[in-house]
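Listed below are the residues making up each chain.
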Amino acid sequence: MVVVVTCAGRLPGREACDLFSGTWVVDEAYPLYDSLTCPFVRKEFDCLKYGRMDREYLRYRWKPSRCELPEFNGRDLMARLRGKKVMFVGDSLSLNMYDSLLCMLHAAAPPATISLSDVGVLFEDYNLTVSYYLSHYLVDIVTEKIGRVLKLDSLHGGDTWLTADVLIFNTWHWWPRSGPTQPWDYIQEGDETFKEMDRTSAFSKALFTWAKWVRLNIDPSKKKVFYQGISPSHYHGDEWGESALKSCHGETQPLNSSTYPSGPPPQETIVKEIIPRDKVTLLDITLMSQLRKDGHPSTYSGIYARNDCSHWCLAGLPDTWNLVLYAFLLAS
Ligand SMILES: *[C@@H]1O[C@H](CO)[C@@H](O)[C@H](O)[C@H]1NC(C)=O
Ligand SMILES: *[C@@H]1O[C@H](CO)[C@@H](O)[C@H](O)[C@H]1NC(C)=O
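In this report, the structure presented in the accompanying data block is examined. Here the structure is a predicted model, which is why all the values come from computation and not from measurement.

Definitions and limits used
Residues numbered from 1 in each chain as written. Chains lettered and ligands numbered in written order. Predicted model: local features only at pLDDT ≥ 70, side-chain atom pairs only at ≥ 80, totals over all residues. Heavy atoms only, no water. Pairing = 2+ DSSP bridges. Helix = DSSP H or I, 4+ residues; strand = E, 2+ residues; numbered from the N terminus. Axes fitted to C-alpha atoms, helices over the stretch in contact; angles between N-to-C directions. Expected span 1.5 Å × (residues − 1). Buried < 20%, exposed > 50% of the residue type's maximum accessible area, 1.4 Å probe, protein only. Core = buried A, V, L, I, M, F, W, Y, C linked by side-chain atoms within 4.5 Å. Contact = heavy atoms within 4.5 Å. Salt bridge = Lys/Arg side-chain N within 4 Å of Asp/Glu carboxyl O.

1. Some words on the sheet that holds strand S12 (residues 186-189)
- Within the open sheet, the 4 strands sit side by side as S9-S10-S12-S13. Their pairing is mixed. Here the strands that pair on one side only, and so sit at the sheet edges, are strand S9 (140-144) and strand S13 (192-194). Strand-to-strand twist in this sheet, taken as the mean axis angle between neighbours without regard to direction, amounts to 30°.
- As paired elements, S9 and strand S10 (residues 147-151) share 5 bridges and run antiparallel to each other. If you follow Glu144 over to S10, its bridge partner there is Gly147.

See below:
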């Protein structure tokens, strides 16, 4: 496989088309699959099953301002990826995108030809394996005498990742964690160990480590590597022009706009600076996702008493992330 180097968001040969600037439009042909018949939606994302009543959020299609995303064709995608392995690496936002892709392919493949293997889901007719590798930080957490150490310049998951032909990476949402859900006690950079560090700066150091791994290990003529970009949350209404106390709860409409009032998050800018563009395609899904304050599970997930404005309902927004992935795979 050959990866063509392009500017951010531009498909090869179609430089006028920036896939990442646009608006959401209503399309009655959406959603791309029925979540109630897809066995791969885990409870966290299964909004219809857990009582979400409004349906408009299912009907939005992303319209780039100067072109169109391709129509999704699951059989075509599976044929292009015949005999290959696709792996999502990252936190539960990767899982969100993974479940979405499984449902999109499930809707196109005869169900009897789909099986679970120890490494993921196999679409037998196409000998295509799609898998998920959990990694909250991409870099390592090692248990040592002093406790659990998050090592900003150590990365050992890589050998497993290299078994895949198409890789989609993501990290950010676990970096701000503190208190009981923070899974490390110390953070280490070089020979120095710290109890605390600015989280965005720690994130960017880890991303440098990952970028170095990519430079050393990825041959773009053999593998396609994507970075999933920063998925935004909607806990603070003042970011989109409402009360700061407002969350995604009760939101049923996207912002009808091609810009987001609070602008890009700093982590998106960092990702754009650090990823090695000659080897990695950025799926810069931040802006399109910021506009989708209506797309989260909120209280309609299988998790009791949670208001989830970080993950996304399926069917829903991550289907469009996969459509963008499909557009880049088609173009190369
Ligand atoms: C967004 O606003 C434009 C102009 O006011 C309107 O024509 C369009 O129907 C709106 N779109 C949605 C999805 O509400
Ligand atoms: C399926 O693909 C794998 C590589 O992912 C390959 O090793 C294997 O031989 C293929 N099996 C068949 C039956 O083509």
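2. Concerning the sheet that holds strand S11 (residues 166-169)
- Taken together, the 7 strands give an open sheet; going across it, the order is S6-S7-S8-S5-S11-S14-S15, and neighbouring strands pair in mixed fashion. Edge positions in the open sheet fall to strand S6 (114-117) and strand S15 (280-282), since each of these has one partner strand only. When the angles between neighbouring strand axes are averaged without regard to direction, this sheet yields 20°.
- The pairing of S6 with strand S7 (residues 120-123) spans 4 bridges and is classified as antiparallel.

3. Some remarks on helix H7 (residues 317-331)
- Taking 1.5 Å of rise per residue, 15 residues should cover 21 Å, and H7 covers 22 Å from first to last C-alpha, within 8% of that figure.
- Most of H7 sits out of view: 13 of its 15 residues are buried.

4. Details of the nonpolar core
- Ranked by internal contacts, the top residues of the largest apolar core, which has 64 residues, are Leu19, Phe123, Leu128, Val130, Ile168 and Leu283.
- Contact partners of Leu283, with chain neighbours within four places excluded, come to Phe20, Met97, Ile168, Phe226, Tyr227, Gln228, Gly229, Val324, Leu325 and Phe328.
- Ranked by size, the runner-up nonpolar core spans 36 residues in total, among them Ile187, Trp213, Val214 and Ile218.

5. Thoughts on the pattern of salt bridges
- Under the criterion given, the structure shown has 18 salt bridges.
- The closest approach of N and O atoms between Arg59 and Glu28, which form a salt bridge, is 3.5 Å. Pair noted here: Arg59 is in the loop between strand S3 (22-26) and strand S4 (60-64) and Glu28 is in the loop between S3 and S4, with a separation of 31 residues, a long-range link.
- Judged by relative accessible area, which is 27%, Arg59 ranks as partly exposed.
- Judged by relative accessible area, which is 60%, Glu28 ranks as exposed.
- Across the pair Lys222 and Asp219 runs a salt bridge whose closest N-O atoms are separated by 3.2 Å.
- Lys222 gets classed as exposed once you look at its relative accessible area, which sits at 57%.
- Salt bridges sharing common partners tie together Asp27, Arg61, Lys63 and Glu68.

6. Details of the side chain of Thr209
- By the secondary structure assignment, Thr209 is in helix H4 (residues 199-217).
- Judged by relative accessible area, Thr209 falls into the buried class, the value being 14%.
- If we ignore the near neighbours within four places in the chain, the residues touching Thr209 are Val139, Leu152, Asp153, Ser154 and Leu155.

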